[in-house]
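# Observations on the model geometry
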Amino acid sequence: FPMPVVSNNLDGWGPPPNAEASVLFGICDFAQHLDKFPTHRIGRICDFTAAGQRYQAERAQKGKGFKGMGKGKGVQPLVADKDDQGFSLVDSRPMPGKSGSKGKGAFGRSKGRQKGLPVNYQEGILGQKQKNTFQTGQPTGKGMKSKGKGKGGQQRRGMPSYREWSVQTKTEWNILRDIHLGELQNLKIDAKDVVYEDLLWCGKLPYYNKAFDRITVKSEKPMRRFEELNFFNVSTSDDPLLPDYLQSDPEVSVIATDHVIACLVAASRSVYSWDILVTKIANKLIFDKRDGSQVDFLSVNETAQDPPNNDDVTSINSPIKLGQEASCINQNITQMVLDHDIEAEDMEQPNPFDEDEDGSVASGAYRYRKITLPGNPKAEEEFATRPVSLIVRTEVNCKMPGSDEYVSVKALNEYNHKSTDWRKKLETQRGACLANEIQNNAFKLGRWTAQAILSGCSTLKLGWVSRINPNDPWTHSLLNMHTHNTENFAAQIRLVPNNMYGILRTIIDTVMTWQDGKYLLLKDPTKAMIRFYEVPWETFGEEEEAEGEEEEEDQELDEDGNVAPPQPV
């Protein structure tokens with residue numbers, strides 16, 4: 001093809017000012033000569049000046065003088081008349097692949113209320129309709145490993161091993177506010193001005209068995225499993241009492257559960273992703289969770305320097321499996337430590353979630369409390385200057401015999417005997433073991449303490465549970481029970497009530513300045529940050545639940561809750 005006239009500009013780059021304004025050819029004219037002009041070269045910026053070639057030649061020679069600088073190639077100098085030279089690969093690491101999951105999680109959808117033992121006991125006992133919440137795809141590769149002296153890779157401090165988002169965000173969701181977790185520690189109100197009022201007690205309040213305080217490592221007790229009991233963790237909107245309180249009492253502006261509030265006030269300690277739904281209607285707020293969300297499950301060693309590895313999601317020591325195991329243990333221990341020789345105390349109303357009334361519900365009482373937070377007279381917004389009242393459904397596991405001391409029972413679990421070895425250290429190094437757990441499970445212990453404060457439990461019982469066999473996540477032993485005063489334990493883990501209620505009041509005041517709508521508070525799994533998204537009203541609605549109910553109606557279930565075989569005609 002005829003070569004065009006090339007104008008020479010001696011004063012700078014580009015065509016000279018007096019050159020022709022129009023160019024008579026374009027990139028398409030080279031289509032039939034692509035062998036001479038490869039498409040992957042088009043669009044790259046190259047410095048063909050003498051200074052540029054000299055600079056690259058010096059860099060190449062300089063790189064050869066260092067020893068042990070890696071196996072990569074230096075920048076090659078440009079050589080004329082050789083199309084294949086002059087370009088080098090700067091980054092040889094593999095590109096991270098996309099998650100292999102398409103929204104399908106590790107949990108299946110349960111059909112109806114199954115009273116029999118599910119195939120996977122730990123996945124089915126958690127008292128929830130299982131949702132596709134966790135995504136199990138995780139890119140792996142040798143590029144994740146570091147050859148430095150530090151611990152490096154995804155296991156180094158501050159780099160979580162489990163980076164899956166609890167909710168996959170959409171482009172049409174508007175980001176209203178980013179909140180750095182470090183900012184939450186500066187929010188405070190005077191906790192002495194917080195007013196508590198009991199509205200209603202439901203269920204049965206059993207008594208604690210003091211014999212478990214005498215358990216030692218040498219007399220460890222096998223953990224019992226209560227497959228025949230139903231455990232409930234009902235969301236705020238599905239609670240039969242909370243919405244009525246919100247409508248009937250004009251002073252109440254917020255309703256929530258202790259699980260949601262505890263997750264919110266302990267947010268600065270979290271690493272993994274979680275989410276909370278906040279709905280505003282007519283200056284009323286509903287703090288809720290998605291059914292089967294991460295708020296329902298506990299984490300294990302989330303804040304440790306060497307957290308559980310998620311490279312193999314099917315491993316019994318993956319974050320998801322350990323979360324199921326810890327949640328199951330905590331449900332079982334609340335029933336195991338009760339004194340069944342003493343009849344439980346009946347509350348004002350029966351368990352509000354026991355539809356069958358056949359006594360197959362886990363023992364424990366629900367305490368509905370009205371909590372009033374003081375206002376800030378110096379605030380700019382009018383709502384922030386006034387006190388705000390919220391009603392919270394809290395849980396009380398049991399009470400001490402012979403007193404009105406309410407108890408919250410929780411359990412720490414050991415899965416790696418080599419790193420902790422509670423059976424050797426728990427008796428002689430009790431303080432060191434507790435300090436290690438406070439460091440490795442800061443978020444979980446913060447949630448438990450906040451729940452105890454909200455429910456008015458003055459005593460926190462911590463069980464130390466370990467696997468009998470490190471390779472068996474189904475059988476455990478209770479090694480010891482530690483008793484803590486809730487107020488003193490909160491000070492030990494630095495959970496200050498002033499800061500706890502300051503975070504809650506600030507979040508409430510922030511949402512109150514927005515229009516009526518539905519908002520998603522989402523923890524970023526890769527950063528120490530939470531974000532507020534504005535989502536459509538129908539997001540996380542009842543469509544999925546309605547589809548699941550239709551499927552359940554189409555299938556007949558037998559007495560054990562399993563799908564009945566087809567009957568012959």
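What counts, and at which threshold
- Residues numbered from 1 in each chain as written.
- Predicted model: local features only at pLDDT ≥ 70, side-chain atom pairs only at ≥ 80, totals over all residues.
- Heavy atoms only, no water.
- Helix = DSSP H or I, 4+ residues; strand = E, 2+ residues; numbered from the N terminus.
- Areas by Shrake-Rupley, 256 points an atom, 1.4 Å probe, with all protein chains shown as cover.
- Salt bridge = Lys/Arg side-chain N within 4 Å of Asp/Glu carboxyl O.
- Buried < 20%, exposed > 50% of the residue type's maximum accessible area, 1.4 Å probe, protein only.
- Phe/Tyr/Trp six-rings, centres within 6.5 Å; stacked < 30°, edge-to-face > 60°.
- Contact = heavy atoms within 4.5 Å.
- Pairing = 2+ DSSP bridges.
- Axes fitted to C-alpha atoms, helices over the stretch in contact; angles between N-to-C directions.
- Expected span 1.5 Å × (residues − 1).
- Core = buried A, V, L, I, M, F, W, Y, C linked by side-chain atoms within 4.5 Å.
- 1 Å grid on protein atoms, 1.4 Å probe; cavity = no way out; pocket = protein on both sides within 12 Å on 5 of 7 lines; lining within 4 Å.
- Points joined across faces, edges and corners; volume = space filled by probe spheres on them.
- Lys, Arg positive; Asp, Glu negative; His and termini not counted.
- Polar contact = N/O pair within 3.5 Å; in protein donor to acceptor, adjacent residues only side chain to side chain.

## What to know about the overall build of the chain
Looking only at helices and strands, one finds 13 helices and 15 strands in the chain. Of the roughly 31,600 Å² of accessible surface on the chain, 50% is carried by carbon and sulfur atoms.

## Things to note about the pattern of salt bridges
Note on pairing: side chains with opposite charge can pair once their charged atoms come close. All told, the structure shown has 18 salt bridges when counted by the stated rule. The partner of Asp239 in a salt bridge is Arg393, and the shortest N-O contact between them spans 2.8 Å. Separated by 154 residues along the polypeptide, Asp239 in the loop between strand S3 (221-222) and helix H4 (242-248) and Arg393 in strand S9 (residues 388-396) bring together distant segments of the chain. For Arg393, a relative accessible area of 1% translates into the label buried.

## Section: the packing of aromatic side chains
Geometry of an aromatic ring pair is reported as the spacing of the ring centres plus the angle between the planes. The final tally for this structure, using the stated rule, is ten aromatic pairs. With a centroid separation of 6.4 Å and 45° between ring planes, the pair formed by Tyr245 and Tyr368 is classed as tilted. Taken together, the positions of Tyr245 in helix H4 and Tyr368 in strand S8 (residues 364-373) put the pair 123 residues apart, joining distant regions of the chain. Taking the centre distance of 5.1 Å and the plane angle of 80° together, the rings of Trp514 and Phe532 count as edge-to-face. One end of the pair, Trp514, is in the loop between helix H12 (497-512) and strand S14 (517-523); the other, Phe532, is in strand S15 (residues 529-535), with 18 residues separating them in the sequence. According to the relative accessible area criterion, Trp514 is buried, its value standing at 17%. Residue Phe532 is classed as buried on the basis of its relative accessible area of 0%. One aromatic cluster is present, built from ring pairs that chain together Trp173, Tyr533 and Phe540.

## What about the side chain of Ser455?
By the element assignment, Ser455 lies in helix H10 (residues 442-455). In this structure, Ser455 is in contact with Arg367, Arg369, Thr394, Glu395 and Val396, ignoring residues within four places of it in sequence.

## Some remarks on the sheet that holds S8
Across a sheet, strands are paired by hydrogen bonds formed along the backbone, either parallel or antiparallel in direction. Strand order in the open sheet made by the ten strands is S1-S15-S14-S5-S6-S4-S9-S8-S2-S7, with mixed pairing throughout. Where the open sheet ends on each side, the last strands, each with one partner, are strand S1 (174-180) and strand S7 (345-346). Packing of H12 onto the sheet brings it into contact with S1, strand S2 (195-205), strand S4 (252-257), strand S5 (275-281), strand S6 (284-288), S8, S9, S14 and S15, and relative to S6 it is tilted by some 125°.

## So, helix H6 (residues 319-336)
The end-to-end C-alpha separation of H6 is 25 Å, in line with the 26 Å expected for 18 residues at 1.5 Å each. Among the 18 residues in H6, 17 count as buried, and that is most of the element.

## Re the sheet that holds strand S13 (residues 476-485)
Pairing is mixed in the open sheet, where five strands are placed in the order S3-S13-S12-S11-S10. Every other strand in the sheet has two partners, leaving S3 and strand S10 (398-399) as the edge strands with one partner each. Where strand S11 (residues 406-414) and strand S12 (residues 459-467) come together, eight bridges link them in parallel fashion. Each bridged residue has a counterpart across the sheet, and for Val407 the counterpart in S12 is Thr459. The sheet strands contacting H6 are S3, S11, S12 and S13, and the helix crosses S11 at an angle near 140°.

## Some remarks on the environment of Trp201
With respect to the helices and strands, the residue Trp201 is situated in strand S2. On the basis of relative accessible area, Trp201 is assigned to the buried category, the value being 9%. Spatially, the C-alpha atoms of Trp201 and Thr394 are 9.7 Å apart, while their sequence positions differ by 193 residues. Beyond its immediate sequence surroundings of up to four residues, Trp201 is in contact with Met347, Glu348, Gln349, Ala365, Tyr366, Arg367, Val396 and Tyr406.

## Brief notes about unusual backbone geometry
For residues besides glycine, phi is generally negative; the peptide bonds are generally trans as well. Even without being glycine, Ala282 reaches a positive phi, approximately 55°. With respect to the element layout, Ala282 can be found in the loop between S5 and S6. Even without glycine at this site, Asn301 takes up a positive phi of about 55°. Note that Asn301 resides in the loop between S6 and H6. On the basis of relative accessible area, Asn301 is assigned to the buried category, the value being 14%.

## What to know about the nonpolar core
Counting 67 residues, the largest nonpolar core has Phe287, Leu373, Tyr501, Ile508 and Phe532 as its most contacted members. Excluding residues that lie within four positions of it along the chain, Phe532 makes contacts with Asn174, Ile175, Leu176, Arg177, Ile179, Val278, Ile507, Val511, Trp514, Tyr519, Leu520 and Leu521. Of all hydrophobic cores here, the second largest spans 21 residues; its members include Met223, Leu229, Val337 and Met400.

## Quick notes on empty space enclosed by the protein
Where empty space is left becomes clear once a probe the size of a water molecule has been rolled over the atoms. Counted according to the given criterion, the structure contains two cavities of 30 Å³ or more. Taken as a whole, the largest cavity encloses approximately 580 Å³ of empty space. The set of elements that each furnish at least two residues to the lining of the largest cavity consists of helix H5 (258-265), H6, S8, S9, S11 and H10. Considering each element in turn, the lining of the largest cavity owes the most residues, five residues, to H6.

## Points about the side chain of Glu414
Along the chain, Glu414 turns up in strand S11. Lacking a salt bridge, the buried Glu414 has Arg423 as its closest oppositely charged neighbour, with an N-O distance of 4.3 Å. A distance of 2.6 Å separates polar atoms of two side chains, one belonging to Glu414 and the other to Ser466. Every residue in contact with Glu414, bar those within four places of it in the chain, is listed here: Thr420, Asp421, Trp422, Arg423, Val465, Ser466 and Arg467.

## Points about H12
Its 16 residues place the ends of H12 23 Å apart at the C-alpha level, agreeing with the 22 Å of an ideal helix rising 1.5 Å per residue. Counting buried residues along H12, 13 of its 16 residues qualify, which places the element largely inside the surrounding structure.

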